[in-house]
Amino acid sequence: MDIVVKGRKTEVPERFRKHVAEKLKLDKIQKLDGKVISLDVEVSKEPNPRQADRSDRVEITLRSRGPVIRAEAAASDPYAALDLAADKLEARLRKQHDKRHTRRGSRRLTAAEVPDHVPGAATLNGNGGAVREEAPDDVPTKKMGSLEVRGEGPLVVREKTHVASPMTLDQALYEMELVGHDFYLFVDSETKEPSVVYRRHAYDYGVIHLSTDPMVTQGQPVTAGGALGG
């Protein structure tokens with residue numbers, strides 16, 4: 001695999017190309033991600049003199065069999081911008097590497113081990129069926145499909161709350177690719193409403209926006225379902 005260095009509306013000197021090869025060591029990158037397909041470095045220059053401290057921008061794009069990883073930085077010269085972008089790329093590669101290592105290190109629990117690790121899990125008998133436990137008289141039980149739920153239910157296995165800064169759709173797609181998930185929940189910076197981007201087929205993406213029902217905000221009674229307009 002070679003490193004492709006190109007300039008956007010600017011010339012790239014040979015000295016800088018050599019610095020790229022010294023800074024982005026392929027053997028180190030391939031240790032963190034052994035499925036790297038290509039590594040591109042793009043250099044651009046901002047002609048506005050008011051942005052002299054950020055006039056040179058370097059964007060590094062790493063493509064592999066997993067998600068695309070990008071890192072970019074701007075500085076007063078391309079060498080400083082490259083150093084900053086390379087540090088960002090290495091940090092993101094290490095994050096991906098550690099995530100893969102953690103997933104490989106975890107193993108699936110057998111059916112017999114589940115009750116010891118998951119509170120409230122059903123105990124299985126020798127035939128693989130659930131062993132029913134007698135519920136106290138003061139705890140109501142109800143049937144939900146094939147499950148018998150005690151108390152109010154249903155059981156919430158895991159719950160998380162995140163503080164999120166509003167972002168654009170492009171930023172959300174970038175974050176989804178970075179973490180390697182098939183979906184990403186975010187707050188849309190234009191509508192300030194929660195939205196979800198998700199991967200469809202091949203490289204196609206979809207987005208779902210949520211908006212507050214005006215009838216709810218006005219205190220009107222809401223009925224389930226709705227009619228489709230013609």
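Just above sits the structure.
Each chain carries its own residue numbering, running from 1 in the direction its sequence is written. In keeping with the predicted nature of the model, local features appear solely for residues at pLDDT of at least 70, side-chain atom pairs appear and are counted solely at 80 or more, and the whole-chain, interface and lining totals rest on all residues. Hydrogens and water are ignored here; the side-chain numbers use all heavy atoms of the structure.

### A short note on the side chain of Thr61
1) Next: Runs of H or I in DSSP of at least four residues are treated as helices and runs of E of at least two as strands, each being numbered from the N terminus. Note that Thr61 resides in strand 3 (residues 56–64).
2) Next: The class of Thr61 is buried, set by a relative accessible area of 7%.
3) Next: The contact partners of Thr61, leaving out residues within four places of it in the chain, are Ser38, Leu39, Asp40, Val68, Ile69 and Arg70. Summary of the burial criterion: residues with accessible area below 20% of their type's maximum are buried, those above 50% are exposed, and those between are partly exposed, where the area comes from a 1.4 Å probe applied to protein chains only. Throughout, a residue-residue contact means that at least one pair of heavy atoms, one from each residue, lies within 4.5 Å.

### Section: unusual backbone geometry
1) Next: A positive phi angle, close to 60°, is found at Lys9, a residue other than glycine.
2) Next: One can find Lys9 in the loop between strand 1 (3–8) and helix 1 (14–23).
3) Next: Since its relative accessible area comes to 84%, Lys9 is described here as exposed.
4) Next: A positive phi angle is found at Lys192, which is not glycine, with a value near 60°.
5) Next: Mapped onto the fold, Lys192 is located in the loop between strand 9 (183–187) and strand 10 (194–199).

### Details of the sheet that holds strand 11 (residues 205–209)
1) Next: Strand order in the open sheet formed by three strands is 9-10-11, with antiparallel pairing between adjacent strands. Each of the sheet's edge strands pairs with one partner strand only, and the pair in question is strand 9 and strand 11. Within this sheet the neighbouring strands show an average axis-to-axis angle of 20°, counted without direction. Paired strands are those between which DSSP finds at least two bridges. For helices, the axis comes from a line fit to the C-alpha atoms of the stretch in contact; other axes are also lines fit to C-alpha atoms, and the angle between any two N-to-C directions lies between 0 and 180 degrees.

### Some thoughts on the pattern of salt bridges
1) Next: A pairing counts as a salt bridge when a side-chain nitrogen of Lys or Arg comes within 4 Å of a carboxyl oxygen of Asp or Glu. Throughout the structure, instances matching the rule amount to nine salt bridges.
2) Next: The salt bridge involving Glu90 is made with Lys28; its shortest N-O contact spans 3.2 Å. Linking Glu90 in helix 3 (residues 78–105) with Lys28 in helix 2 (residues 26–32), this pair joins segments that are 62 residues apart in sequence.
3) Next: Here Asp182 ties to Arg199 by a salt bridge, and the two come within 3.3 Å at their closest N and O atoms. A residue pair is termed long-range when its members are at least 10 positions apart, and Asp182 in the loop between helix 5 (169–179) and strand 9 and Arg199 in strand 10 qualify at 17 residues.

### Section: the environment of Met167
1) Next: Tracing the sequence through the fold places Met167 in the loop between strand 8 (147–150) and helix 5.
2) Next: Each C-alpha atom of the pair Met167 and Phe186 lies 7.2 Å from the other, and the pair is 19 residues apart in sequence.
3) Next: Leave out the neighbours within four places in its chain, and Met167 touches Ala172, Glu175, Tyr184, Phe186, Val187, Asp188 and Ser189.

### Concerning the pairing of strand 4 (residues 69–75)
1) Next: Among the seven residues that make up strand 4, five are buried, leaving the element largely enclosed by the rest of the structure.
2) Next: Here strand 3 pairs with strand 4 via seven bridges, running antiparallel. Bridge pairing in strand 4 links Asp56 to Ala75.
3) Next: Connecting strand 3 to the next strand, strand 4, in antiparallel fashion are four residues.

### A closer look at the packing of aromatic side chains
1) Next: Pairing of aromatic rings covers Phe, Tyr and Trp, the last through its six-membered ring, and needs centres within 6.5 Å; plane angles under 30 degrees mean stacked, over 60 mean edge-to-face, and all others mean tilted. Per the counting criterion, the structure on display carries one aromatic pair.
2) Next: Both rings, one in Phe16 and one in Tyr79, keep their centres 5.3 Å apart while their planes meet at 70°; by these two values the pair is edge-to-face. Pair noted here: Phe16 is in helix 1 and Tyr79 is in helix 3, with a separation of 63 residues, a long-range link.
3) Next: When its relative accessible area of 2% is taken as the criterion, Phe16 is described as buried.
4) Next: The exposure class assigned to Tyr79 is partly exposed, which follows from its relative accessible area of 22%.

### Let's talk about the environment of Ala80
1) Next: When you line up the elements, Ala80 lands in helix 3.
2) Next: Assessed through its relative accessible area of 27%, Ala80 is described here as partly exposed.
3) Next: Sequence separation of Ala80 and Val58 is 22 residues, and the distance between their C-alpha atoms is 9.2 Å.

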